[in-house]
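Structural features, examined
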Amino acid sequence: MRNSRYGRIVDNDCFTLEFAPPDGHWGITDRPRRSTQKGYPTKATMQNTAIATVDLTAIRHNLEVIRARCSHSRVMVMVKANAYGHGLVQVAQGLSAADAFGVARLQEALILRDRGIRQRVLLLATLLNPAELALCSEKNIDVVAHDHVSLESILAQARLTPLRVWLKLDTGMHRAGFSDEAFVSADRRLLEHPGILERVHMTHFSRADDAASRHQQSARFFRCRSRTTPTPASLANSGALIASPETHAEWVRPGLMVYGVTPTAAPRVPELRPAMTLHSFIISIRELDTGEPVGYDGCWTTQRPSRIGTIGIGYGDGYPRHARNGTPLWIDGRLVPLVGRVSMDSLTVDLTDCESAAVGDRVELWGPHLPAGTVAQHADTIPYELFTSIQNRVVRVYV
Ligand SMILES: Cc1ncc(COP(=O)(O)O)c(C=O)c1O
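Remember, predicted model here, so these are calculated numbers, not experimental data. (Residues numbered from 1 in each chain as written. Predicted model: local features only at pLDDT ≥ 70, side-chain atom pairs only at ≥ 80, totals over all residues.)

1. A word on the site of the ligand
Taken together, Met78, Leu124, His204, Asn237, Ser238, Gly239, Arg253, Pro254, Gly255, Leu256, Met257 and Pro263 form the complete shell of residues around the ligand. Residue composition of the shell around the ligand, by class: 6 nonpolar, 5 polar and 1 charged. (Near = placed C-beta within 6 Å. Nonpolar A, V, L, I, M, F, W, Y, C, P; charged D, E, K, R; others polar.)

2. Thoughts on helix α5 (residues 130-138)
Every buried residue of α5 is accounted for by Leu133, Cys136 and Ser137. The buried residues of α5 all sit within an arc of 100° when viewed along its axis, so they share a single face. Residues Ala131 and Glu138 are exposed on α5 and point more than 90 degrees away from its buried face. Summarising the contacts, the buried residues of α5 are in contact with β8 (120-123), β9 (141-145), α6 (148-158) and β10 (163-168). In the segment just after α5, asparagine 140 is the residue with positive phi, at about 60°. (Buried ≥ 20, exposed ≤ 12 C-beta atoms within 10 Å, placed from the backbone. Helix = DSSP H or I, 4+ residues; strand = E, 2+ residues; numbered from the N terminus. Arc of directions from axis to C-beta. Contact = placed C-beta atoms within 7 Å.)

3. Structural notes on the confidence of the model for the chain
On average, residues of the chain score 90 in pLDDT, and 88% of them reach the 70 mark or higher. Predicted confidence for residues 1-16 stays below pLDDT 50, and this span has 31 contacts to residues more than four positions away or in other chains. Predicted confidence is poor over residues 18-45, with pLDDT under 50, and the contacts of this stretch with residues over four places away or in other chains come to 57 contacts. (pLDDT = per-residue confidence, 0-100.)

4. Topic: the environment of glutamate 246
Looking at the element boundaries, glutamate 246 is found in the loop between α9 (238-243) and β13 (251-252). The exposure class of glutamate 246 is partly exposed, given the 13 C-beta atoms found within 10 Å. Residues glutamate 246 and histidine 215 lie 31 residues apart in sequence; the distance between their C-alpha atoms is 9.3 Å.

5. Here we look at α6
Residues of α6 that are buried: Ser150, Leu151, Ile154, Gln157 and Ala158. Buried residues of α6, seen end-on, are gathered within an arc of 135° and therefore sit on one face of the element. Exposed side chains of α6 directed beyond 90 degrees from the buried face belong to His148, Val149 and Ala156. On its buried face, α6 is in contact with α5, β9, β10, α7 (180-192) and β11 (196-202).

6. Examining the nonpolar core
Formed by 102 residues in total, the largest nonpolar core has its most connected members in Val77, Val79, Phe101, Val121, Leu123, Val143 and Tyr259. Every residue in contact with valine 121, bar those within four places of it in the chain, is listed here: Ala100, Phe101, Val103, Ala109, Leu112, Ile141 and Asp142. (Core = buried A, V, L, I, M, F, W, Y, C linked by C-beta atoms within 7 Å.)

7. Considering the pairing of β9
Within β9, 5 of the 5 residues are buried, which leaves the element mostly enclosed by the surrounding structure. A two-sided burial pattern is seen for β9, the buried positions comprising Ile141, Val143 and Ala145 on one face and Asp142 and Val144 on the other. Where β8 lies against β9, 3 bridges are found, and the strand directions are parallel. Paired with valine 121 across the strands is isoleucine 141, a residue of β9. For the handedness criterion, the β-α-β arrangement of β8, α5 and β9 is classed as right-handed. Taken together, the 3 bridges between β9 and β10 define a ladder with parallel strand orientation. Bridge pairing links valine 143 to valine 165 in β10. (Pairing = 2+ DSSP bridges. Right-handed = clockwise from strand over helix to strand, strands pointing away.)

Structure, rendered in structure tokens:
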């Protein structure tokens, strides 16, 4: 990212983009821009109609909000899945205040190291062969012992090169982690092994939003830990971090909160600021009579003379195809409803009550005016999936 006299320049794999305020259009250009008529780029520019703006200041602010809630814990920011779609490298590089980063694939961990990230990096439960474990040791990447296979490989590798190990207890998620007895004996073996530099005990909540379930899982975790030699512990994802201070322990592992979203059933944290704004533009508007079907399969029909806007973003960009009629979008200072089925490259909205809307107007799909959680509810999904579904052709711009 660099600045030019026209505005900020963002390079992604495909394009160099220029932001030319105040009209807000992005152009692929290295030539001078002339002024644009509302909605129409000059010949020198091409407009990309699907843009995700990521506010790194908001992400840093959210980390401070998190720290204020668990001042005695170290914070591992989850940046797996391309930092929940926000950009792995940009987010990690922007978060010098994070104590560690959590990833789910070795490639993600290696990219972080390659791009100069020096904080601790934890590679969550996965399958690692000896060469990959050696790489983890060389690159100072923490690994998880989550079953007998991973434990034995880790112990074998640690005879050659040292490793930091997070030992996982399965307290009810039944996805990864040892049972109680196996956890206690695995912990003893790690403790006695000279090649294990550090042990951290961890578990993961299957229903972080449910107090009873959280309590049951954390009680089991602490009961099992009481049978082992003391070492740091980590339980809390965003939901537990917000609702259960007793789960904070030595390390918290928030993801969603860092990106400014409160998990659906958790008490709202109003200080959090959404980091991502997904926006597009109105690319066309048409007037239709009553009774006209709109979009594939005609699954929505005008009930009155209607003004239908076409927006330049679709499921090929990652906007959920299952978003229902009525899913809100923010246009021209108000919410307008999605109508008809979402297409690959575009979707349609009812602009009948939004007379001022014109071709070229900016449309917010989610962001400060429209929580991703609200959109997710209309599409029977969760904000995690919305964020991580954003495709490469959507240009990510960092501000
Ligand atoms: C093991 C683990 N820890 C922490 C997190 C972060 O969860 P959240 O984004 O809800 O804070 C995840 C997310 O899936 C996870 O798998």
